[in-house]
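Results of the structural survey
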Amino acid sequence: MPDASANRVIVIGAGPVGLCVALRLAQQEIPVVVVEALGQNFLEQVPRAGTNHPATLELYDRIGLYRRLEPRGIVAPLFHYWDRHTNTRIAEFDHAHLRDDTKFPYVLQCERIKVVEEALALARAHPLIEVRLSTSFTSFTQGADRVTARVTNPDGGSEAIAGAYLVSAEGARSIVRKDLDIEFEGFTYSDRTLNIEVAYDFRRHGYTERNYISDPDEWSNLFHWKGPPDRWRVHFPTAPDEDEAAICDPTALQARLQRFLPTGLDFDIVGSNLYTVHQRVARKFRVGRAILAGDAAHVNSPIGAMGMNSGVHDAFNLADKLVGILRRELAEDALDRYERQRRHVALQHTQAQTIRNKKLLAEKDPAVRARNHDELRRTAEDPKLARAFLLRTSLIESLREAERIA
Ligand SMILES: Cc1cc2nc3c(=O)[nH]c(=O)nc-3n(C[C@H](O)[C@H](O)[C@H](O)COP(=O)(O)OP(=O)(O)OC[C@H]3O[C@@H](n4cnc5c(N)ncnc54)[C@H](O)[C@@H]3O)c2cc1C
């Protein structure tokens, strides 16, 4: 009797990355088991990613996910840079400049949890995907042609799941990465970022759906998250030694918002949370039959909206290589090319751009600020420069560059 697990891929984590890997594999006839620690409360996770770039929308489209997400999201062709110091708009970028580069010349504001919910529904409906919620991955072993994951089932029992490859899409705390002793190189910012969710329409003050706001004292990001009814998120830096309870105190949140935009009326604050920002890339993305993807392999600041997007790009690159290998059309060293391509993108694009973005918004030197703002203005006003800029911010350039890596 043939071994049912011989071709099976074990995916740890039903986040956006794990589910995209699973769908892409199964839709090409590769059986998958997805192991996810969360269960009942799966769809009640803290707010995180929300911006889906054009290149990511193209990938969602290939697995039938885009048409499910578009009605739940906000189509946003524009984004702005603002100077809070002078309360003026520095530049407006329009994804219409990418109309010849992509079928989707806009971003879709659609939260991570909606991406997960819709991808999970597709995965559950696919006969080749077994989704196991409330099941925690704990360890694994690997041999020449096999990998075995050890999991704890919902009833607390331990079980071994065998497969041909193991994909760690477990997020930043990846057990696989730690068990393989792979260094997570980089740094952690000392200041945490505050996210305040507000029921208010900021467009009446000239803002668009995505705004990056520079200020030498308190930079911020302002995003239209969902609606109607309108929900916006405002991100602010906080001092490293500030007490969390004091930061998130409702009066302090209100005062911070009033300093940002003095409307004179209380904002309707829907929620808030504080998060630590890391800039890290795993030294290796693959050891034998165990492969890292998404936040398990790289994490970065959300300024620029690149974490989930680049993770989804990992997912498709990896899934297509695993399909080729399991069909014996590609040699196993295709996985080394996955590492070369995606590690290059993580270092040269996502890390480099997100670090630059924060520096640009937080710059204190007035002369440097003026120079940066002039350059943004010039770039936005010149169609050729604007297109080149948008190819980078939307990660299209990163995908093109990765394709050129042997
Ligand atoms: C405030 C904020 C805003 C952000 N905004 C953006 C944005 O606009 N655009 C963008 O691209 N990125 C953004 N990001 C980053 C983005 O959220 C992450 O990069 C993305 O969620 C990573 O996806 P993932 O599937 O790799 O991991 P995750 O989303 O972390 O999913 C991992 C899954 O694995 C499961 N898991 C973990 N351990 C185990 C285990 N042992 N056994 C079984 N299951 C396990 C978890 O429960 C989870 O479901 C933002 C992040 C933050 C904090």
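Provided above is the structure to which this section pertains.
All values reported here derive from a predicted model rather than from experimental measurement.

**As for the sheet that holds strand 9 (residues 136-142)**
As summarised here, the arrangement of the three strands in space is 9-10-11, forming an open sheet in which the pairing is antiparallel. This sheet does not close on itself; its edge strands, each paired only once, are strand 9 and strand 11 (158-163). Going across the sheet, the axis of each strand differs from the next one's by a mean of 25°, ignoring polarity. Sheet topology note: the strand 10 (residues 147-152)/strand 11 ladder contains six bridges and is antiparallel.

**A closer look at the site of the ligand**
Surveying the vicinity of the ligand reveals 30 residues, the closest of which are E36, R112, D295, M308 and N309. Measuring from an oxygen atom of the ligand, one finds a backbone N or O atom of A49 at 3.4 Å. Between the ligand and the protein, one listed contact pairs an oxygen atom with a backbone N or O atom of G50 at 3.1 Å. At three residues, helix 8 (residues 307-326) tops the list of elements feeding residues into the shell around the ligand.

**Description of the nonpolar core**
Formed by 74 residues in total, the largest nonpolar core has its most connected members in L25, Y60, F137, L166 and L322. Among the elements that take part in this core, helix 8 stands out by supplying 10 residues, more than any other. Residues within four places of F137 in sequence aside, it is in contact with I12, V35, A149, R150, V151, L166, E170, I175 and V176. Ranked by size, the runner-up nonpolar core spans 20 residues in total, among them Y81, Y212, I303 and L390.

**What to know about the environment of K321**
Positionally, K321 belongs in helix 8. Look at K321 and you get buried, because its relative accessible area is 10%. Residues K321 and L25, 296 residues apart in the sequence, show an inter-C-alpha distance of 9.7 Å. Setting aside anything within four residues of it in sequence, one finds K321 in contact with L330, A334, R337, Y338 and Q341.

About the cut-offs
- Residues numbered from 1 in each chain as written.
- Predicted model: local features only at pLDDT ≥ 70, side-chain atom pairs only at ≥ 80, totals over all residues.
- Heavy atoms only, no water.
- Pairing = 2+ DSSP bridges.
- Helix = DSSP H or I, 4+ residues; strand = E, 2+ residues; numbered from the N terminus.
- Axes fitted to C-alpha atoms, helices over the stretch in contact; angles between N-to-C directions.
- Near = heavy atom within 4 Å.
- Polar contact = N/O pair within 3.5 Å; in protein donor to acceptor, adjacent residues only side chain to side chain.
- Core = buried A, V, L, I, M, F, W, Y, C linked by side-chain atoms within 4.5 Å.
- Buried < 20%, exposed > 50% of the residue type's maximum accessible area, 1.4 Å probe, protein only.
- Contact = heavy atoms within 4.5 Å.

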